[in-house]
Structure formats: C-alpha cells, structure tokens
Amino acid sequence: MTTTPPRVSDDRVRRLTSTLYGYAFLEDFILLYPVYALLFSDTGLSVWQISSLFALWSVTGVLLEVPSGAWADAVSRRLLLWLGPLLSAAGFALWVLVPSYGAFAVGFVLWGAGGALGSGALEALVYDELERLDAADRYARVMGRARAAGLVAVMAAMGLAGPVLAWGGHAAVGAASVLVCLLTAVVAARFPEHRSPAAGHDSWTATLRAGLAEARADRSVRGALLLVPAVSAVWGALDEYTPLLVRGTGVADGTVPYLLLLIWAGATAGSLLAGEGERTGTAGLAALLAGAGLALVVGAVDGSPVGLVLVALAFGGFQAATVLADARLQRRIEDGGRATLTSVAGLGTELATVSVYGGYAVIASGHAHGTAFAVFAVPYLVTAGVLLVGVRGKGRGKGGV
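The rules we used
- Residues numbered from 1 in each chain as written.
- Predicted model: local features only at pLDDT ≥ 70, side-chain atom pairs only at ≥ 80, totals over all residues.
- Heavy atoms only, no water.
- Helix = DSSP H or I, 4+ residues; strand = E, 2+ residues; numbered from the N terminus.
- Expected span 1.5 Å × (residues − 1).
- Buried < 20%, exposed > 50% of the residue type's maximum accessible area, 1.4 Å probe, protein only.
- Contact = heavy atoms within 4.5 Å.
- pLDDT = per-residue confidence, 0-100.
- Core = buried A, V, L, I, M, F, W, Y, C linked by side-chain atoms within 4.5 Å.
- Patch = residues over 30% accessible without salt bridge, like charges linked within 9 Å, V, L, I, M, F, W, Y side chains within 5 Å.
- Areas by Shrake-Rupley, 256 points an atom, 1.4 Å probe, with all protein chains shown as cover.
- Salt bridge = Lys/Arg side-chain N within 4 Å of Asp/Glu carboxyl O.
- Bend = angle between axes of the 7 residues up to and from the residue.
- Axes fitted to C-alpha atoms, helices over the stretch in contact; angles between N-to-C directions.
- Parallel < 35°, antiparallel > 145°, perpendicular 65-115°, else oblique.
- Left-handed = near helix turned anticlockwise from the far one by under 90°.
- Nonpolar A, V, L, I, M, F, W, Y, C, P; charged D, E, K, R; others polar.

Caption draft 1: Local environment of helix α5 (residues 101-118). For α5, built from 18 residues, the straight-helix expectation of 26 Å at 1.5 Å per residue is met to within 8% by its first-to-last C-alpha distance of 26 Å. Regarding α5, the residues found buried are Ala103, Phe104, Ala105, Gly107, Phe108, Trp111, Gly112, Ala113, Gly114, Ala116, Leu117 and Gly118. Tucked into the core, α5 has its buried residues touching α2 (36-42), α3 (47-74), α4 (77-97) and α6 (121-132). Directly beyond the C-terminal end of α5, a positive phi value near 95° is found at Gly120.

What follows is the structure, encoded as structure tokens:
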C-alpha cells in the first residue's frame, strides 16, 4: 500500500491552512484600527459626526451581508475574498489623502462592503476545501487557529500604531494599512477553490432563495443559524466596553492597555483550544457557555484587577464557543448555499450586536460597568440551558440513551 495519497492530501491541507492563517493575520493587522478615531477628531469632526460614521459602517454591513454571501455561492468565493481587501484599501487611502467627513463616510462604506464580501465566503471556502480533502473534521481546529491569528494581529497593530503614528503621523499609519490590505488581496488569490459556480445562469437572488429554502426545510439548520448570533453577538459587543470595565477597577489609565491585553490573550487561548472542544458535543458546548457565563458574572462584579482574570477566561470560553457554533453550522449546510446561510448567521449577529449596544447603554447609564457585564452573562446561561434541554430531549427520544 502506497503512502503517497495521504501525504499529498496533507500537503494540500497545509497549503490551505497556511494561506488561511496568513489571510486572517493580515486582515486584522490594520494600524488604523486603534487610532482612526484620533484621525477623525484631529480633522475636526464632532462626536455626533463620528457616531454617524460608525452607524453608516454598521448599516453597510447589514445591508450587504446576505447578498454578498449569495453572490459568493453564485460566482466565486475566492474572488470575493480577493476583492474585499481592495475595497478596504481604497477606503483607507481616501481617509488619509482627503481627510474630511465625506471621505470618511465613503471610506466606511467601502470598508463595510469589503468586510461583507469576506463574511460567509471565507468559512464556506475553507469548509468545502477541507471536505474535499477528507479533512472536514479539522474545521473547528483550523478556524480556531485562524481566529487566534487575527487576534494576535490586532494586538500587534495596537503595539505598532503608536510608534508609527509618532514617526510619520496619520499618513504613515494609513499608508501601512493600505499596504497590508493589498498584501491581504495577494494572499487571498492563493486560496484553492475547486467548486464550480452555480449551474446555468442562476442569479445571486436565485441562490439566495435556494439557501433560505434550505433553512426553512431543515430544523437542524435553523437551530444552527440561531446559535451563531446567540453565542457570538453579546461578547462581541461587550468587547467594545472592556476599556471602561478595566478602568472601573480603579487602575491608572496607563495600566488599562496591559490589562486589555490579558483579556485578548484569554480570547486567543480560546481560539487555539476550540478544536479540542468539538469532541465534547452539544453537552460540552452547553457546559462551556455556562462556565464562561458564570466566570463573567463573578469576574465583572468583583470590581478588582484580579477579577479581570475571570473575565479573560470567560472571553476565552466565548471565543471557543463562537468557533464551535460556526463549525456546527457548516456541518449542517449543503454545499450550494454555504456562504449564503453563513452570511444569514452573520446578519443575525450584526442585528443582535446592535441590540446589545442599546441595552448596555440603558443599564450602564444607571449602574456600574461590572453590573452591565454581569447582566449580559444571562443570555449565555439561557442558551446553555436550551442546549441541555435539547440534548435531554434527544436522549428521551432514543429510550434514554
């Protein structure tokens, strides 16, 4: 028996994963991330104008999330992964070449469109390529490492943005961001893609209808679609408020970034360990969510820097659960509508995230930030309970096995 075929398959998996990790790192290694609010302020924009730009960014993503996923299924997922960073690069270039409210608005639309093009397409391409190589069981581990690469890139960008800004100002930070986007597009062109676009002359709208029909017809797909935003939206929104939570522990402002790195390190560890969590099944996912939710409650209410260790553990659990929820969805989707339905889950996440922002504002306006974090741990405990009920229901249906 020859060992050549397995070795060739492993080589192809390594090519896919190395491209994915490089793409994931570069996609988040944007030096403008930590300082673009400073650019807006230095240009003279008011808080209201800056907030309206963030709203425009969110609306763009919401409007394009599902159509872009359907387009990826109808045309080419690699094409969209290549095109998205180019749109972002154009937006960042506008920001530094003609800094003004109008340029910032157009830039956010381009950035939002670029992000929407990659959302759904990336997960669908990676899963299908792994499945073709008989390695679909590695999906959670591979995507966990990819998410970890992205988190490391964010931390690296945070560390480099200050020195680059001090050296060359916003122009240097912007130029570096544009260059990274161009490199991301180059890496995206290396992704293998062996699937054929939708047969015949079906439009992306037909692909969208087919994908939604699959969700309506299959209860397990619907459940997996709902689980993704239930797991990822809340902690993804809370992440924006972690600097305020850290400051509320009484540490000096200069210490805040270091404690934020602790929380990011927890999320990164969760990504790296996600593949191990897949072996525990639905009951394990429920236990992970419950444990992370309880850790968030205790760590946030503690109100001390020591409590942030538990917050970091909670974020690690939520990050691992996010990867596992995505893997659960991918296993249940048929190939043809994979990017479409992944984008539907992304849309649900975006909408749920916006609702968390509103709820957080209401709670934190009259209570400590630690209290608001603790309140938003409740949805995770509820989700864990729902998953356990489902597991027990299946057990009874099989005679208690």
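Read on, since the account is not over.
Caption draft 2: Highlighting the confidence of the model for the chain. Confidence in the prediction for the chain averages 88 pLDDT; 90% of positions are at 70 or higher. The least confident element of the chain, judged by mean pLDDT, is helix α8 (residues 204-217) at 64; the most confident is α4 at 96.

Caption draft 3: The nonpolar core, seen in detail. Core analysis: the largest hydrophobic core is formed by 112 residues, its most contacted members being Phe40, Trp95, Phe191, Leu296, Phe315 and Phe373. Trp95 has contacts with Leu32, Tyr36, Leu39, Phe40, Ala103, Phe104, Gly107, Phe108 and Trp111, leaving out every residue within four places of it along the chain.

Caption draft 4: Structural view of the environment of Glu65. Here Glu65 is to be found in helix α3. The exposure class assigned to Glu65 is buried, which follows from its relative accessible area of 4%. Separated by 275 residues in sequence, Glu65 and Thr340 have C-alpha atoms that sit 8.9 Å apart. If we ignore the near neighbours within four places in the chain, the residues touching Glu65 are Ala116, Ser119, Ser343, Gly346 and Leu347.

Caption draft 5: A look at a nonpolar patch on the surface. A surface patch of nonpolar side chains, amounting to about 260 Å² of accessible area, comprises Val59, Leu63 and Leu64. Checked against the element boundaries, Leu64 lands in helix α3. Residue Leu64 is classed as partly exposed on the basis of its relative accessible area of 35%.

Caption draft 6: Geometry of the environment of Leu56. Of note, Leu56 is situated in helix α3. Residue Leu56 is classed as partly exposed on the basis of its relative accessible area of 31%. In this structure the C-alpha to C-alpha distance between Leu56 and Val106, which are 50 residues apart in sequence, comes to 9.4 Å. Sequence-distant contacts of Leu56, that is, excluding residues within four places in its chain, are made with Ala105 and Val109.

Caption draft 7: Focus on the pattern of salt bridges. All told, the structure shown has seven salt bridges when counted by the stated rule. Arg138 is the partner of Asp10 in a salt bridge, and the nearest nitrogen-oxygen pair spans 3.4 Å. Here Arg138 lies in the loop between α6 and α7 (139-188) and Asp10 lies in helix α1 (residues 4-28), a separation of 128 residues in the sequence. By relative accessible area, which is 31% here, Asp10 ends up partly exposed.

Caption draft 8: Representation of helix α9 (residues 219-238) within the structure. Helix length check: α9, at 20 residues, gives a terminal C-alpha distance of 30 Å against a target of 28 Å (1.5 Å per residue), a fit within 8%. Taking the largest bend as the criterion, α9 deviates by roughly 25°, centred on Ser232.

Caption draft 9: Structural context of the packing of helix α12 (residues 281-302) against helix α13 (residues 307-332). The interhelical angle for the contact between α12 and α13, taken along N-to-C directions, is 155°, at an axis separation of 8 Å. When the axis of α12 is compared with that of α13, the two are roughly antiparallel. When the axes of α12 and α13 are compared, the crossing they make is left-handed. On the side of α12, the interface is formed by Thr282, Leu285, Leu288, Leu289, Ala292, Gly293, Ala295, Leu296, Val298, Gly299, Ala300 and Asp302, while α13 contributes Gly307, Leu310, Val311, Ala314, Phe315, Gly317, Phe318, Ala320, Ala321, Leu324 and Arg328. When its residues are assigned to classes, the contact of α12 with α13 shows 16 nonpolar, five polar and two charged.

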